[in-house]
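Examination of the molecular architecture
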Amino acid sequence: MLIIVLIGFLLLAGAAILIIYRTRGGMGVAWLVAVVSAFLVWVAVLVLRWQSGVSLNLQDWRPGGEEFSTLIFQFDSISWPYAFALVSLLLGVLLTASTRIQQLPNPWAWTGSMGVTAAGIATVLAATPMAVILSWTLVDLIELGVLLGSRVQRLLTQRVVLSFSARLAGTLAVVGAVLYSDYLGKPMTLSKFDERAGIFLLLAAGLRLGVLPLHLPFVEEPPMRRGLGTVLRLVVPASGLVILGRLPPAVVSPQLAPYFLMFSSLAALYGAVMWLTAKDELAGRPYWLISLAGIAVACAVRGRPTAAPIWGIATILAGGVLFLYSVRQARLFLIPAMALLGLSGLPFTPLASGLKGLVVLPFNALDVVLIVAFSLLLTGFTRHAISEGASVEGLDRWVQVVYPLGLFWLALSFWLIGLFGWQGSLTIGNWWVSLICITLTVGLVFLMRYGKLVSADQERAEWLFLLFKPVGRVLAAVFRLDWLYVLIAFVFRLVQGVVRFLTVLLEGEGGVLWALLILTLLISIFYSGSLP
């Protein structure tokens, strides 16, 4: 019941924002209601960290329901960090929206952010296959409706539909896992299932994240940039990332593991290269998502699924700090620096537990690929954080206080999850891997600032920048699989043309004769095939 209260409260608060804005015309009052509502949910989810057995069990939600159709949503050591991260992201978005109230007031975006977050919480709390299928479908439909309703360009509309199709394939992979479990005679829940069915869940997560196989429909961001755009772009991947933490250690057979690991590692490297060379943090946001998702999938493939959740949390919270960091000032850099320190993987930092899955001994070539990818991610984060942005001058006093508070809230939540998100989250980790990555990052940042790798205005680039850009393009051409999508579209149009031709042929004046002729040919074929 408590889960229904939390989700329902977010939805009712979103509706109340629009009612207040319409009836009283008070933008400030509507914004205050949104912030207070999000803060109350944030506190409630934080308290639930120390409460056990909080779940919602719907067994008889439809007549004649079977065990497969049972809906269970619950807080546990894997779902709680994601739920807390999503609520923290919502609160951070609403607080930083104070800088956009005067220029671009949009209470619909606040309501949409609350609705998307409520649906996202349902996806990360889902504990049964039917709950996953329904919640994934709900989030996908919300994203599809929002993006198609935002007057996107025709090419971008095609990519929106393509993204929805890939995620739908991921949902079908969950159905495949259920059917295979039934074939094995072992009913499936996300907390208990046969290891042989786990590969279907890995494929489902990989398809939703764009890692297995590597596909990146949004090579350019939709018109929504910050605010609702940030919530939408980060909530949807969370639904796939949370599955990785529930997989068994031996989710992939030793024969297939190298191939899965190769795809996920190359996805991480490709995303990191493109993230580093992106024009700004919003242009590089799709690559941030694909790179960290690739690392999280690699952790699961290597038998370290417990290391995957923190990579998903870093995707949401550390990324959220940077994506909402629109107004820049020297003293405000301390907040993204706080998030960067959490990303470093140093002992007892939030990402320290994640480095246990980044490198698994014995050392091999793919370990080098992942180390380089992570170093490029840190370098790109630093580069985008120190770039120029809007000035705080001209903003109201209260905005200059509230806006940094929103950024700080995200960084603080990241550290809180690292401290007590789950048992073993506070750890030394692979400190030597962290030192290697930090050393590489410092060296690249030094080249950027003093070796003219990237100039201050981000318009000139020197030799290393020019090296990374073609590497990213080559990886994109090979692994983005756009050629496959073009081939599928060609086959679809070919089949469509044949069907149209047959339709015109059979509906014409000689349609009956053609039908009789085709029937005669079919009878002749079957009759000749039955002869000895």
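How each quantity is defined
- Residues numbered from 1 in each chain as written.
- Predicted model: local features only at pLDDT ≥ 70, side-chain atom pairs only at ≥ 80, totals over all residues.
- Heavy atoms only, no water.
- Helix = DSSP H or I, 4+ residues; strand = E, 2+ residues; numbered from the N terminus.
- Buried < 20%, exposed > 50% of the residue type's maximum accessible area, 1.4 Å probe, protein only.
- Contact = heavy atoms within 4.5 Å.
- Areas by Shrake-Rupley, 256 points an atom, 1.4 Å probe, with all protein chains shown as cover.
- Core = buried A, V, L, I, M, F, W, Y, C linked by side-chain atoms within 4.5 Å.
- Phe/Tyr/Trp six-rings, centres within 6.5 Å; stacked < 30°, edge-to-face > 60°.
- Lys NZ or Arg CZ within 6 Å of the ring centre and 35° of its normal.
- pLDDT = per-residue confidence, 0-100.
- Axes fitted to C-alpha atoms, helices over the stretch in contact; angles between N-to-C directions.
- Parallel < 35°, antiparallel > 145°, perpendicular 65-115°, else oblique.
- Nonpolar A, V, L, I, M, F, W, Y, C, P; charged D, E, K, R; others polar.

1. Focus: the overall build of the chain
Broken down by element type, the chain carries 19 helices and 2 strands. For the chain, with 532 residues in total, the buried portion stands at 55%. Considering only contacts within the chain whose residues lie at least 6 apart along the sequence, 80% involve residues at least 24 apart. When the accessible surface of the chain is split by element, carbon and sulfur atoms take 69% of a total near 23,700 Å².

2. Focus on the nonpolar core
Among the nonpolar cores identified, the biggest contains 159 residues, and Phe75, Leu202, Leu244, Trp288 and Trp311 are the most heavily contacted of them. Beyond its immediate stretch of four places on either side in the chain, Leu244 contacts Leu202, Ala205, Leu209, Ala296, Val297, Ala300, Pro305 and Ala308.

3. Let's talk about the packing of aromatic side chains
A full pass over the atoms with the stated rule returns 14 aromatic pairs. Taking the centre distance of 5.0 Å and the plane angle of 10 degrees together, the rings of Trp80 and Phe84 count as stacked. Taken together, the residues span about one helical turn, with Trp80 and Phe84 both in helix H3 (residues 79-96) at a distance of 4 residues. Each member of the pair, Trp80 as well as Phe84, carries the same accessibility label: buried. Where Trp288 meets Phe323, the ring centres are 6.4 Å apart and the plane angle is 90 degrees; that geometry is what we call edge-to-face. Of this pair, Trp288 sits in helix H10 (residues 285-301) while Phe323 is found in helix H11 (residues 308-323), placing the two residues 35 residues apart along the sequence. Per residue, the accessibility class of Trp288 equals that of Phe323, and both read buried. An aromatic cluster is built from Phe39, Trp42, Trp80, Phe84 and Trp409, whose rings are joined through pairwise contacts. Over the aromatic face of Trp136 sits the side chain of Arg208, whose NZ or CZ is 4.4 Å from the ring centroid. Of note, Arg285 hangs over the ring of Phe323, and the distance from its end group to the ring centre comes to 5.4 Å.

4. Description of the confidence of the model for the chain
Interpretation of the predicted coordinates at a detailed level should be avoided for regions scoring low in pLDDT. Taken over all residues, the pLDDT of the chain has a mean of 81, while the share at 70 or more is 81%. Within the model, the stretch residues 454-463 combines pLDDT values under 50 with 15 contacts to residues more than four positions away or in other chains.

5. Focus: the packing of H3 against helix H8 (residues 228-244)
It is at 11 Å that the axes of H3 and H8 come closest, and there the two elements cross at 180 degrees. With respect to H8, the element H3 is oriented roughly antiparallel. Each of Tyr82, Leu86, Leu89 and Val93 in H3 lies in contact with H8, whose residues at this interface are Thr230, Val231, Leu234, Val235, Ala238, Leu241 and Val242. Across the contact of H3 with H8, the residue classes break down as 10 nonpolar, 1 polar and no charged.

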